[in-house]
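Residues per chain, in single letters:
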Amino acid sequence: MDSEMKSFFETAPPLKERDIISEKLKQFIQNDDTNRRRVVCVTSGGTTVPLEQRCVRYIDNFSSGYRGAASTEYFVKAGYAVIFLYRRGTCQPYSRSLPDNAFLECFEFTHESNIQVRETYSEAVKTAIRDHHAAVERGVLLKLPFTTIFEYLQILQMIAVTTRSLGPHAMFYLAAAVSDFYVPWESMVEHKIQSASGPLDIRLVQVPKMLSVLRKKWAPMAFFISFKLETDIKILLEKADMARKKYEMHAVVANELLTRKEEVVVVTENEKISVHRDKSQAGSDVENPLIELLVGRHSAYIKDSNT
Ligand code: PMT
């Protein structure tokens, strides 16, 4: 492990539920005694960077978690077991079609003072509850929440190490928007920063890129998909390809901020494949054809690894 990464982990505040998370992960992986089940870790939403140890303020980013939540549903449909590593409060699998404040919007009182689902949401609520419960009960969906960059990287490391035994059957689909800069824990003030002290001067240091160590050390046999987001389409594909080479990713999904729900480009060693949402179908997602494509590539990778 390089020294920046080592120092990040040594100085990060310890994960509160480390033992519980570790047990959940072990049980989830052991759920299949053939060790032939495919498991994908889908990361989703954005990490925060706290500015105070007793955190009142933090730096955040735009990610809604839609990509991760939608992709999780399609992976489950394709027969994968999914570890959904998500930012608390972001979009969840199976409830994407419900309104924001679903609890208050979808239910109403009856004359007998019971609570029932409103007619307009009846189908959506039934489908969401049925599919979500089915996935959890079948042991194919494990949801692990994070908020800060410290929690995210520590849990990701635990997932990588636990899934190592699955070899090429494990996949990492890294759709989370991970902070590039942070305040190291030991140089962070303990108490709320006082506005009376005048303009704020904070030094942010670079978050070590964990893609290299994840790919080469933590889970060297797994199949890796990372994402590249840019707002300038002119540099997107070039940067995606640079990231693919630098971190030895099996594919990089390139997306532009404003069109990310309509199309993405999958950049592999030999191809740049444009993937679009099916516009002729209302409510269709770009994640549907995207996951179909990646599942095919993962199958080929498993086959190659076994020969
Ligand atoms: O959540 P939505 O609103 O649906 O939006 C989806 C999305 C746009 C967030 C998603 O499709 C996406 O592009 N996610 C990656 C965004 C991002 O952080 O891009 P990047 O260029 O900063 O990072 C590229 C890759 O490096 C990412 O896979 C990231 O996990 C990884 N990274 C980033 C920083 C860091 N310190 N270490 C990393 O390994």
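Calculation notes
- Residues numbered from 1 in each chain as written.
- Predicted model: local features only at pLDDT ≥ 70, side-chain atom pairs only at ≥ 80, totals over all residues.
- Heavy atoms only, no water.
- UniProt positions renumbered as here; feature names shortened; annotations may be inferred.
- Axes fitted to C-alpha atoms, helices over the stretch in contact; angles between N-to-C directions.
- Helix = DSSP H or I, 4+ residues; strand = E, 2+ residues; numbered from the N terminus.
- Parallel < 35°, antiparallel > 145°, perpendicular 65-115°, else oblique.
- Left-handed = near helix turned anticlockwise from the far one by under 90°.
- Contact = heavy atoms within 4.5 Å.
- Nonpolar A, V, L, I, M, F, W, Y, C, P; charged D, E, K, R; others polar.
- Core = buried A, V, L, I, M, F, W, Y, C linked by side-chain atoms within 4.5 Å.
- Buried < 20%, exposed > 50% of the residue type's maximum accessible area, 1.4 Å probe, protein only.
- Domains from an automatic or database assignment.
- Buried area = accessible area lost by both parts, 1.4 Å probe.
- Salt bridge = Lys/Arg side-chain N within 4 Å of Asp/Glu carboxyl O.

- If you look the protein up in an unreviewed UniProt entry, it shows as DNA/pantothenate metabolism flavoprotein C-terminal domain-containing protein from Acer yangbiense.
- Note on the protein: under the UniProt heading Pathway (unreviewed entry), the record states "Cofactor biosynthesis; coenzyme A biosynthesis; CoA from (R)-pantothenate: step 2/5."
- Quoted straight from UniProt, the Sequence similarities (unreviewed entry) entry for the protein says "Belongs to the PPC synthetase family."

**As for the packing of helix H3 (residues 66-77) against helix H9 (residues 287-306)**
- Packing of H3 against H9 leaves a shortest axis separation of 9 Å and a crossing angle of 55°. Here H3 lies oblique to H9, going by the angle between them. Classified by chirality, the crossing of H9 by H3 is right-handed. Here Tyr66, Arg67, Ala70, Ser71, Tyr74 and Phe75 of H3 come into contact with H9, specifically with Glu287, Asn288, Ile291 and Val295.
- By residue class, the composition of the contact of H3 with H9 is six nonpolar, two polar and two charged.

**Side note on the nonpolar core**
- With 87 residues, the main nonpolar core has Phe75, Phe172 and Tyr173 as its most contacted residues.
- A per-element tally of this core places helix H6 (residues 149-163) first, with nine residues.
- Residues lining this core come from more than one domain, with at least three contributed by each of domain 1 (2-95 + 142-221) and domain 2 (233-307).
- Among the nonpolar cores identified, the runner-up in size contains five residues, and Ala102, Cys106, Val125 and Ala128 belong to it.

**Digging into the domain arrangement of the protein**
- Along its sequence, the protein is carved into domain 1 (2-95 + 142-221) and domain 2 (233-307).
- One C-alpha centre belongs to domain 1, the other to domain 2, and the line joining them spans 21 Å.
- Summed over both partners, the interface of domain 1 with domain 2 comes to about 2,200 Å²; 59% of that surface belongs to carbon and sulfur atoms.
- Looking only at domain 1, the three residues that lose the most surface to domain 2 are Arg67, Tyr74 and Arg215, adding up to 31% of its buried area.
- Run the count over domain 1 and domain 2 and you get two salt bridges.
- When the shortest N-O distance is used, the salt bridge between Glu287 and Arg67 registers 2.8 Å.
- Those elements that place two or more of their residues in the side of domain 1 that touches domain 2 are H3, strand S8 (170-174) and helix H7 (211-218).
- No other element matches H3, which puts six residues into the side of domain 1 that touches domain 2.
- Its residues assigned to classes, the side of domain 1 that touches domain 2 shows 13 nonpolar, four polar and five charged.

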